[in-house]
Every structure is written in structure tokens, then in C-alpha cells.
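Next come the chains, spelled out residue by residue.
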Amino acid sequence: MGVAIIVVDITIIKVSIPRIIADLDLAALDAEWINTCYAPLRHANSSPSAGPATSGVVSTYFGLVVLAFTSLLAGNAGGLGMLLAAGFGKGAGAALILPTTLSMVHAMFRGRDR
């Protein structure tokens, strides 16, 4: 579920770029920043979690809350600065979700199934 939410969020960003450019009167370089600001944080913590399972669940739920809150901020952004801040926040939320999902795949499937 976590990875699906991240993929949907990225798809919404990609599809919305032309409308964002028009609504906020942005240059093409500004639009590239919108695409780019999300990725570094999303992959910052992409190794599977080594902690107990409960910390992974807490991390996932916290990441979902961060992702939802910052998505609301991005949707209501009135300028590029707020949009970029929300993008970095969404990347941070995704960085909390992704390792737990990878850990679950690692724990659930063994050998040839993986």
C-alpha cells in the first residue's frame, strides 16, 4: 500500500505540471525543481529497516501522515516556495514509508519467491 501511494503521488505531480505552471505563472526551470525536489529525500533512506517490526509500522504511519499533510500544503500552495517546501516534505514522508515496505517484502518472501 505504501509504495502504491508514493506512485500515485508521483503520477499526480507529473500530470499536474502543466496546470501548475499556468496557475503559478512559472518558468520551465521552476517546473523542473518541482519534479526534482521530491526524489532526493524519497531515496535517502531506501535501505530496508533493521529495527523491530513495531518501529516499522510507526514509521510507515508517520510517513503516511507527513505525506498527506504535505500533499494538502502542495495543493494549496500559492507560490513556488511553498510548493517546493511541500515537495521536500512529501519526499521525507515517502522516505519513511519506502524502507518498511522493502522490509516487508524481504520478510514475506524467501528464496525463489523473492
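Model, not experiment: these values are computed from the prediction. (Residues numbered from 1 in each chain as written. Predicted model: local features only at pLDDT ≥ 70, side-chain atom pairs only at ≥ 80, totals over all residues. Heavy atoms only, no water.)

*Asks:* Please set out the side chain of Lys90 residue by residue, giving values where relevant.
*Replies:* Here Lys90 lies in helix H5 (residues 80-108). Overall, Lys90 belongs to the buried group, its relative accessible area being 6%. Side-chain polar atoms of Lys90 contact the side chain of Asp9, separated by 3.3 Å. When near neighbours in sequence (up to four residues on either side) are disregarded, Lys90 contacts Asp9, Ile13, Tyr38, Leu67, Thr70, Ser71 and Ala74. (Helix = DSSP H or I, 4+ residues; strand = E, 2+ residues; numbered from the N terminus. Buried < 20%, exposed > 50% of the residue type's maximum accessible area, 1.4 Å probe, protein only. Polar contact = N/O pair within 3.5 Å; in protein donor to acceptor, adjacent residues only side chain to side chain. Contact = heavy atoms within 4.5 Å.)

*Asks:* Quick one: what's the story with helix H1 (residues 2-24), residue by residue and with numbers?
*Replies:* Side chains that are three or four residues apart share a direction in an α-helix, a result of its 3.6 residues per turn. Of all the bends found along H1, the most pronounced is centred on Ile17 and spans about 50°, while Pro18, a proline, follows it within four residues. Looking one or two residues past H1, Asp25 carries a phi angle of roughly 55°, positive in sign. (Bend = angle between axes of the 7 residues up to and from the residue.)

*Asks:* Give a detailed account of the side chain of Thr60, specifying residues and quantitative values.
*Replies:* Within the element layout of this structure, Thr60 appears in helix H4 (residues 53-75). The contact partners of Thr60, leaving out residues within four places of it in the chain, are Leu96, Ile97 and Thr100.

*Asks:* Outline the pattern of salt bridges, supporting the account with residue identities and numerical values.
*Replies:* The tally for this structure, following the rule as stated, stands at two salt bridges. For Asp23, the salt bridge goes to Arg19, with nearest N and O atoms at 3.1 Å. One end of the pair, Asp23, and the other, Arg19, are both in helix H1, four residues apart, so they sit about a helical turn from each other. Each member of the pair Asp23 and Arg19 is classed as exposed. (Salt bridge = Lys/Arg side-chain N within 4 Å of Asp/Glu carboxyl O.)

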